[in-house]
Amino acid sequence: MDPFVTLTAPAVPLDIANIDTDQLLPARFLKKPRSAGYGNFLFHDERKPGFPLDDPAYAGAAVLVSDRNFGCGSSREGAVYALVDGGFRCVVAPSFGDIFAANAAKNGLLTVTLPEDAVAALRRQLQEAPGAAVTVDLPTQTLTGPDGRPLPFAIDPFKKECLIEGLDDVALTLRHQDAIDLFDRRDAERRPWVVPGVVPGVV
C-alpha cells in the first residue's frame, strides 16, 4: 500500500453521525471485482441532491471530516476499499467503528480521532470555505485545518509505523522471508513427504 507521511489536500465535511459500512458500500456491490475499483459505489444510495461529495467545490477531496461512530455496522472491508478507491487517504471523526478502523489502517487509510467539538469546528470551517485544504502530518501526529491551528491526535505506534512505511499484512509477513525460508528448508528435511512432488522412498 502507499505510505502515508504527510498530506495536504482539500477536505469535505459530512454532518452525519453513525455512518455505517452499508452506507459507505451497499452490500449488493460486494460481488463486484475489486480490480474494477469501488470508488463509484461509495455512498451510492446516499447521493441525494445536495450531498457534499457531489459538490464541485469539494472536488479532489482526499480528507473526509465526519461525525461520531463513523464506520459502524458490519465488518466489511469493502467499505474501506470504496473510500480508498474514491481518492480518500484520511477520515476525521470523533469516534470510529473498531473493525472499520483496523481495516482502514491495513489499507493505507488514516483514521484521525479528535474531540467532538474540534471536529464540529473543522466541519464548519470547511463549509464556510469550500475547497479549503487541511494538512495531516503523521510523524508529528497533528492535523492543521483552514484556521491554521494544529490539532494533536493519538495513534497506536504500530499502526503509525505501518502507515508511514506502507506496510500491509503481506508486506509485514515478507519482512520475515529469511526466517520463513529457513523454516521451510528445515521442515522439508524433517518431513520430506510434505514437499509437493516428493514421493517418500523414491530417489
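This structure is a prediction, so every number in the text was calculated from the model and none was measured. (Residues numbered from 1 in each chain as written. Predicted model: local features only at pLDDT ≥ 70, side-chain atom pairs only at ≥ 80, totals over all residues. Heavy atoms only, no water.)

**Here we look at the overall build of the chain**
- Across its full length, the chain carries seven helices and seven strands.
- Reading the chain from its N end, one meets helices and strands in the order β-α-β-α-β-α-β-α-β-β-β-α-α-α.
- For a compact globule of 203 residues, the expected C-alpha radius of gyration is about 17 Å, and the chain comes in at 21 Å, more than 25% above that figure.
- Projected onto its principal axes, the C-alpha coordinates of the chain cover approximately 75 × 40 × 25 Å. (Helix = DSSP H or I, 4+ residues; strand = E, 2+ residues; numbered from the N terminus. Rg over C-alpha atoms; globule rule 2.2 N^0.38 Å.)

**Concerning the side chain of glutamine 141**
- In this structure, glutamine 141 sits in the loop between strand E5 (133-137) and strand E6 (142-144).
- A polar contact of 3.0 Å, which involves the side chain of glutamine 141, links it to the side chain of lysine 160.
- What glutamine 141 contacts, discounting residues up to four positions off in sequence, is Leu151, Pro152, Phe153, Ala154, Ile155 and Lys160. (Polar contact = N/O pair within 3.5 Å; in protein donor to acceptor, adjacent residues only side chain to side chain. Contact = heavy atoms within 4.5 Å.)

**Let's talk about the layout of surface pockets**
- When its volume is computed, the largest pocket comes out at roughly 150 Å³.
- Contributing to the lining of the largest pocket are Ala102, Ala105, Lys106, Asp156, Phe158, Lys159, Cys162, Leu167, Asp168, Asp169 and Leu172.
- The set of elements that each furnish at least two residues to the lining of the largest pocket consists of helix H3 (98-106), helix H5 (157-165) and helix H6 (169-174).
- Its residues assigned to classes, the lining of the largest pocket shows six nonpolar, no polar and five charged. (1 Å grid on protein atoms, 1.4 Å probe; cavity = no way out; pocket = protein on both sides within 12 Å on 5 of 7 lines; lining within 4 Å. Points joined across faces, edges and corners; volume = space filled by probe spheres on them. Nonpolar A, V, L, I, M, F, W, Y, C, P; charged D, E, K, R; others polar.)

**Let's talk about the sheet that holds strand E3 (residues 90-93)**
- Reading across the sheet, the seven strands line up as E4-E3-E2-E1-E5-E6-E7 and stay open at both edges, with mixed pairing between neighbours. Two strands in the sheet have a free side with no partner beyond their single neighbour: strand E4 (110-113) and strand E7 (150-152). Going from strand to strand, the sheet's axes swing by 25° on average, the running direction of each strand aside.
- Judged from the five bridges that link them, strand E1 (residues 6-13) and E5 form a sheet pairing that is antiparallel. If you follow threonine 8 over to E5, its bridge partner there is threonine 135.
- Running over the sheet, helix H4 (residues 116-128) touches E1, strand E2 (63-65), E3, E5 and E6 and is turned about 80° from E1. (Pairing = 2+ DSSP bridges. Axes fitted to C-alpha atoms, helices over the stretch in contact; angles between N-to-C directions.)

**Some remarks on the nonpolar core**
- Counting 28 residues, the largest nonpolar core has Leu24, Phe43, Leu64, Phe70, Leu83, Phe88 and Phe100 as its most contacted members.
- Listed by contribution, the elements that provide at least two residues to this core are helix H2 (78-85), E3 and H3.
- Ranked by the residues each element gives to this core, the list is headed by H2, at four residues.
- When neighbours within four sequence positions are excluded, phenylalanine 88 is seen to be in contact with Val12, Leu42, Leu53, Ala61, Ala62, Val63, Leu64, Leu83 and Leu109.
- Listed in part, the 24 residues of the second largest apolar core include Phe4, Ala9, Val119 and Val136. (Core = buried A, V, L, I, M, F, W, Y, C linked by side-chain atoms within 4.5 Å. Buried < 20%, exposed > 50% of the residue type's maximum accessible area, 1.4 Å probe, protein only.)

**Quick notes on the UniProt feature "domain: Aconitase A/isopropylmalate dehydratase small subunit swivel" (unreviewed entry) in the chain**
- Taken from the UniProt record, the annotation "domain: Aconitase A/isopropylmalate dehydratase small subunit swivel" (unreviewed entry) applies to residues 2-116.
- Taken end to end, residues 2-116 has its terminal C-alpha atoms 29 Å apart, with 19% of it in helix and 17% in strand. (UniProt positions renumbered as here; feature names shortened; annotations may be inferred.)

**Examining the packing of aromatic side chains**
- Counted by the stated rule, this structure contains seven aromatic pairs.
- When the ring of phenylalanine 29 is compared with that of phenylalanine 41, the centres are 4.3 Å apart and the planes differ by 5°; the resulting orientation is stacked. Taken as a pair, phenylalanine 29 in the loop between helix H1 (21-24) and E2 and phenylalanine 41 in the loop between H1 and E2 lie far apart in primary sequence, twelve residues in all.
- By relative accessible area, which is 9% here, phenylalanine 29 ends up buried.
- Measuring from ring centre to ring centre gives 6.4 Å for phenylalanine 96 and phenylalanine 100, while their planes differ by 5°; the resulting arrangement is stacked. Of the two residues, phenylalanine 96 and phenylalanine 100, both sit in the buried class.
- Members of the aromatic cluster, connected to one another through ring pairs, are Phe29, Tyr38, Phe41 and Tyr81. (Phe/Tyr/Trp six-rings, centres within 6.5 Å; stacked < 30°, edge-to-face > 60°.)

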